[in-house]
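Listed below, chain by chain, are the residues.
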Amino acid sequence: MENCLFCKFVSGEFKTEIVFENDDFIIIKDIAPKAKNHFLAIPKKHFKYLAEMTQEDSALVGRILKTIPTLADKLELGEGYRLVINQGDDAGQTVPHLHIHVLSGQKMEWNPA
Ligand code: AMP
Ligand code: ZN
């Protein structure tokens, strides 16, 4: 999609360190970390909302979720991790391309507000 930051990372038009890549998605480091370790798992296919997903998209997201724990060393998931998907303005979604935040490396409070 034109003018989408994460599509530009996927296509290589914008350069960033790719921590992991397969046919389904890339993982990059978040530029403004909200935890000691903060990665973003970004599907190569552009869509904004879970609500838009086709059956194939949901299988894709399932494969991403299954792959993340296999990257425990690379992502330093050792003592536990948190996955977050912000959906819409009230949740604070700022990039309109679905992505999964992968947070770890510290004890985390449970404070969704
Ligand atoms: P969200 O607010 O859930 O849409 O998440 C978007 C995330 O993208 C935020 O945590 C930002 O810090 C992160 N972000 C924005 N620009 C960049 C960038 N150039 N490189 C890496 N992460 C970015
Ligand atoms: Zn996109």
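Scroll up to find the structure this text is about.
Residues numbered from 1 in each chain as written. Chains lettered and ligands numbered in written order. Predicted model: local features only at pLDDT ≥ 70, side-chain atom pairs only at ≥ 80, totals over all residues. Heavy atoms only, no water.

Things to note about the pattern of salt bridges
As enumerated under the stated definition, the model contains six salt bridges in all. The partner of Lys8 in a salt bridge is Glu13, and the shortest N-O contact between them spans 3.4 Å. Note that Arg63 is salt-bridged to Glu56, the shortest N-O span being 3.3 Å. Residues joined in a network through salt bridges with shared partners are Asp24, Glu56 and Arg63. (Salt bridge = Lys/Arg side-chain N within 4 Å of Asp/Glu carboxyl O.)

What about the site of ligand 1?
What surrounds ligand 1 is a group of 17 residues, the closest being Asp30, Asn86, Thr94, His99 and His101. Contact distances for ligand 1 include 2.5 Å between an oxygen atom and a side-chain N or O atom of Asp30. Between His101 and ligand 1, the recorded distance is 2.8 Å, taken from a side-chain N or O atom to an oxygen atom. For ligand 1, whose accessible area on its own is 500 Å², the fraction buried by protein is 84%. Taken together, the elements giving at least two residues each to the shell around ligand 1 come down to α1 (5-11) and β2 (25-29). Residue contributions to the shell around ligand 1 peak at three residues, all from α1. Looking at the shell around ligand 1 residue by residue, the classes come out as eight nonpolar, six polar and three charged. (Near = heavy atom within 4 Å. Polar contact = N/O pair within 3.5 Å; in protein donor to acceptor, adjacent residues only side chain to side chain. Areas by Shrake-Rupley, 256 points an atom, 1.4 Å probe, with all protein chains shown as cover. Helix = DSSP H or I, 4+ residues; strand = E, 2+ residues; numbered from the N terminus. Nonpolar A, V, L, I, M, F, W, Y, C, P; charged D, E, K, R; others polar.)

From the geometry alone we can't say anything about function, so treat these as descriptive.
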